[in-house]
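# Structural overview for review
So the chains spell out like this:
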Amino acid sequence: MTKKVLTTSAGAPVSDDNNSISVGPRGPLTYDNHYTFEKLAHFNRERIPERVVHARGTGAYGTFTLTKSLKEFTIADFLQNEGKRTDVFIRFSTVGGGQDSHDFARDPRGFAIKFYTKQGNYDMVGNNTPVFFLRDPSKFPDFIHSQKKNPRTNLPDPRMAYEFWANYPQALHQVTILMSDRGIPASYRNMNGYSSHTYSFWNEKGERFWFKWHFKTNQGIKTLRAEEAAVADPHGAQQDLVEAIDRGDFPSWTAKVQIMTEQQARDAEVNPFDLTKVWPHDEFPLIEVGQLELNRNVDNYFAETEQAAFAPSNFVPGISSSPDKMLQGRLLAYQDAHRYRVGVNYNQLPVNAAKCPVNHYQRDGAMAGLCPAGGNHHQTSGANFYPNDRDDGPAPDQAVAEPPMPVEAGAWLDRFDTDEEDHYTQAGNLFRIMSDDQKQQLANNIAGGLGQCDASVQQRMLAQFEKADPDYAARVAATLQAYRV
Ligand code: HEM
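Below is a short write-up of the structure. Every value quoted in this text rests on a predicted model; they were computed, and no experiment measured them. Along each chain, the written sequence defines residue order, and numbers are assigned to residues from 1. Owing to the predicted nature of the model, reporting of local features is limited to residues with pLDDT of at least 70; listing and counting of side-chain atom pairs is limited to 80 or more, with chain, interface and lining totals taken over all residues. Derived side-chain values reflect all non-hydrogen atoms in the structure, with water molecules and hydrogen atoms excluded from consideration.

To continue, consider the overall build of the protein. A run of DSSP states H or I qualifies as a helix once it reaches four residues; a run of E qualifies as a strand once it reaches two. Both are numbered from the N-terminal end. In terms of regular secondary structure, the protein is built from 13 helices and ten strands. Relative to its length of 485 residues, the protein is compact, with a C-alpha radius of gyration of 25 Å against a globular reference of 23 Å. Along the three orthogonal principal directions, the C-alpha set of the protein runs to about 80 × 65 × 45 Å. A buried classification covers 47% of the 485 residues belonging to the protein. Residues are treated as being in contact if the distance between any of their heavy atoms lies within 4.5 Å. Sequence separation of at least 24 residues holds for 71% of the intrachain contacts in the protein that already meet a minimum separation of 6. Using a 1.4 Å probe, the Shrake-Rupley method yields the accessible areas, and only the shown protein chains count as cover for residues. Just so you have it, the protein exposes about 25200 Å², and 52% of that area is on carbon and sulfur atoms. Across the protein, the 50 positively charged side chains and the 60 negatively charged ones have centroids separated by 4 Å. Here the globule rule is a power law, 2.2 Å times the number of residues to the power 0.38, and the radius of gyration is based on C-alpha atoms. In this scheme, a residue with accessible area under 20% of its type's maximum is buried, one over 50% is exposed, and one in between is partly exposed, where area comes from a 1.4 Å probe on protein chains only. For the purpose of charge, His is not counted, nor are the chain termini; Lys and Arg are scored as positive and Asp and Glu as negative. Where a charge lies is defined by one atom per residue type: Lys uses NZ, Arg uses CZ, Asp uses CG and Glu uses CD.

This next bit is on the site of the ligand. Being near a molecule or strand, for a residue, means having at least one of its heavy atoms within 4 Å of it. Looking at the ligand, there are 25 residues lining it, with Arg-51, Arg-91, Arg-330, Tyr-334 and Arg-341 nearest. Here a polar contact is recorded for every N or O atom pair within 3.5 Å, except that within protein the pair must consist of a potential hydrogen donor and a potential acceptor, and residues adjacent in sequence are included only if both atoms are side-chain atoms. Arg-51 places a polar side-chain atom, nitrogen or oxygen, 2.7 Å from an oxygen atom of the ligand. Within the side chain of His-338, an N or O atom sits 3.4 Å from an oxygen atom of the ligand. Elements supplying a minimum of two residues to the shell around the ligand: strand E3 (109–117), strand E4 (120–127) and helix H9 (325–341). Considering every element that reaches the shell around the ligand, the biggest residue donor is H9, with seven residues. Per-class residue counts for the shell around the ligand are 13 nonpolar, eight polar and four charged. Gly is put with the polar residues, along with every residue not named as nonpolar or charged; the nonpolar set is Ala, Val, Leu, Ile, Met, Phe, Trp, Tyr, Cys and Pro, and the charged set is Asp, Glu, Lys and Arg.

Looking now at helix H3 (residues 158–166). When H3 is considered as a whole, its buried residues turn out to be Met-160, Ala-161, Tyr-162, Phe-164, Trp-165 and Ala-166. Taken together, the buried residues of H3 touch helix H2 (140–147), helix H4 (172–179), helix H11 (436–450) and helix H12 (455–468).

What follows deals with the pattern of salt bridges. Salt bridges are counted wherever a side-chain nitrogen of Lys or Arg sits within 4 Å of a carboxyl oxygen of Asp or Glu. For the structure shown, the criterion picks out 22 salt bridges. Here Arg-432 and Asp-469 are joined by a salt bridge, their closest N and O atoms 2.9 Å apart. Taken as a pair, Arg-432 in helix H10 (residues 425–432) and Asp-469 in the loop between H12 and helix H13 (470–484) lie far apart in primary sequence, 37 residues in all. Ionic contacts of the salt-bridge type, sharing partners, join the residues Arg-135, Asp-274, Lys-277 and Glu-421 into one network.

So this is what it looks like as structure tokens:
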């Protein structure tokens, strides 16, 4: 086989990759070594900042196939016709650890999907849990800091996590999921995905519906016990996914939605926009709408998975936000992170680029390229302002105008202390449907970290468990006691 010729990054053939140019065999190097300098300079710049959360992950391409039309609820192009196939890119991740952490940490898993639709990219940036620890975005940095390493020792510190949770009982529902047997998925293929947030659909008549996504694994849920995770390969989840796809064993998920009308939302006992709560399945049944399959690995991990930029604000006509306060925080956070982490033109990289024409009046910036799918975002037509008189200057389209979003009548601007609300019933309900073995695993997993905390943190956590279910508190207390003796 003839080898390809090695070149510089500018494409010129290279004659020698081992020996720099020097003044005689034992002498110093000279300025003629621009090739060596290029190699060293590029090497110095190989890293970009890792994601501040969800730094460790793995991605793959696939297809979403619609099996039930959602025309009744939304004008979204990719949700109209049964059988419609839409290309997707998915990235799974752990949350708290850095890029060099462990695939089998007890941690939620990110479940982010980019749908490349004909009307632009729609991103569903969810987790493998239907709820979250928080319901006000101002708490996100505090919560994440409490999960990361201790700022002085740079060591994992479960005392910080429990200290935060002891002071923030809203987190109890998600803490119960995290500490349960579901807390460590055996692989990315064996877990579900959820939007967790409530989003909205709107249809041709301008009617709005609230909805949540559920992606149920067709491989079945599989989890690791704490003792199994402790000896698992740190790269096991990455390896499992890549190898499954390489051998043609394509993982898939059944896509479902829960839908609520505006009136049902007004009447709902539980705030439907509270991210710490689920919607009862008996009142809001899961409707099966599609199949999601992963069938192609990336060619280059860094170019595709690492530079993938998901944003909950990437909506398409027919899909929008909701009054969920956490969601609003996220609508601002992600593009800001991408501009810092990847660069201002991150949407022009192939993994992020829309597969439909992109026409706008944003100009230039670092690493500006040409839109792969066409369009005139580089103003090759010369029009770089709006309004303008040119036939080829893009103009807004009223046909995709979103209907007005309802807000509480007579509401006023203030800070609302919602701490008196019920943080315990749903956590207790979850505890009560667990088997005896699952309840004991929960107690063991909690006691492992809580046992390292001071008495005041332990007491406040036990008081929370007690409010959820007295047996929950009793089991954790007994397990803590067993660890002490
Ligand atoms: C106010 C709350 C939140 C804030 C401010 C926030 C912020 C961020 C930021 C800055 C990133 C890194 C983005 C990047 O550099 O590409 C990120 C990643 C991520 N977040 Fe959040 N987040 C919040 C809540 C959530 C929630 C509730 C979920 C799930 C329901 C979630 C799911 C994810 C996922 C899956 C990723 C990784 C996306 C990827 O694979 O690239 N986040 N978040």
